[in-house]
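Chain and residue survey
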Amino acid sequence: MLTAEYYIEQLNLLPHPEGGYYKEMYRSGEQILVQGFDGVRSVLTSIYFLLKNNEKSHLHRIKSDEQWFYHGGTVLEIIILHENKLSIKLLGTNIEKGESLHITVPAGAWFGSRVKDQAGFVLVSCVVAPGFDFGDFELALYKKISREFPAYDSLLKEMCIE
């Protein structure tokens, strides 16, 4: 049986600042200048991303759309706060139970993820266009985001670093 440790070692995954493990797999050589971004960006980037057990990808946002693709493990919950609405998407293989193999998080949305039952691991790929740049990345601070989304206080306490 393949384990989280197997993937972390074999794919050379590193700790991610928002939680979990990752490795950039692709960064297009072609760059573009996009309105609203500071400087040029790669056209597209992709990473492997892995969470295990009770680890979380803490709430954050980026300036680009981010597409998530399921590879293996258990079910991943992707929590999205966008346009004053909360949605929790399930990334997995059981389509009859509302899971999807692919989910898109819209640019500018606050989002994070966690292993659904806090047991096991999930391996996914994330594709960002225009390409990911840490200059476009913002972690959610509880004190700030709780004023924007007061109805989701308990979730924010769980999913924010502060």
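A brief report on the enclosed structure follows. (Residues numbered from 1 in each chain as written. Predicted model: local features only at pLDDT ≥ 70, side-chain atom pairs only at ≥ 80, totals over all residues. Heavy atoms only, no water.)

**A closer look at the overall build of the chain**
Helix and strand counts for the chain stand at three helices and 14 strands. In terms of overall dimensions, the chain has a C-alpha envelope of 45 × 40 × 30 Å along the principal axes. The 162 residues of the chain split such that 46% are buried. Residue pairs in contact within the chain that sit at least 24 positions apart in sequence constitute 71% of those at least 6 positions apart. Accessible surface for the chain amounts to roughly 8,600 Å². Of this, 52% is attributable to carbon and sulfur atoms. (Helix = DSSP H or I, 4+ residues; strand = E, 2+ residues; numbered from the N terminus. Buried < 20%, exposed > 50% of the residue type's maximum accessible area, 1.4 Å probe, protein only. Contact = heavy atoms within 4.5 Å. Areas by Shrake-Rupley, 256 points an atom, 1.4 Å probe, with all protein chains shown as cover.)

**Some thoughts on the sheet that holds strand E11 (residues 102–105)**
On the basis of which strands lie adjacent, the open sheet formed by six strands has the order E1-E2-E5-E13-E7-E11 and antiparallel pairing. Each having just a single partner strand, strand E1 (14–15) and E11 make up the two edges of the open sheet. One ladder, built from two bridges, connects E1 with strand E2 (residues 21–27); its direction is antiparallel. Bridging across to E2, Pro 15 finds its partner in Tyr 21. (Pairing = 2+ DSSP bridges.)

**Focus on the pairing of strand E6 (residues 56–61)**
Judged by how many residues are buried, E6 sits mostly within the fold: five of six residues are covered. Bridge count between E6 and strand E12 (residues 110–115): three bridges; the pairing is antiparallel. Across the sheet, residue His 60 finds its bridge partner in E12, namely Phe 111. Taken together, the two bridges between E6 and strand E14 (residues 138–139) define a ladder with antiparallel strand orientation. Its bridge partner lying in E14, Arg 61 is registered against Glu 138.

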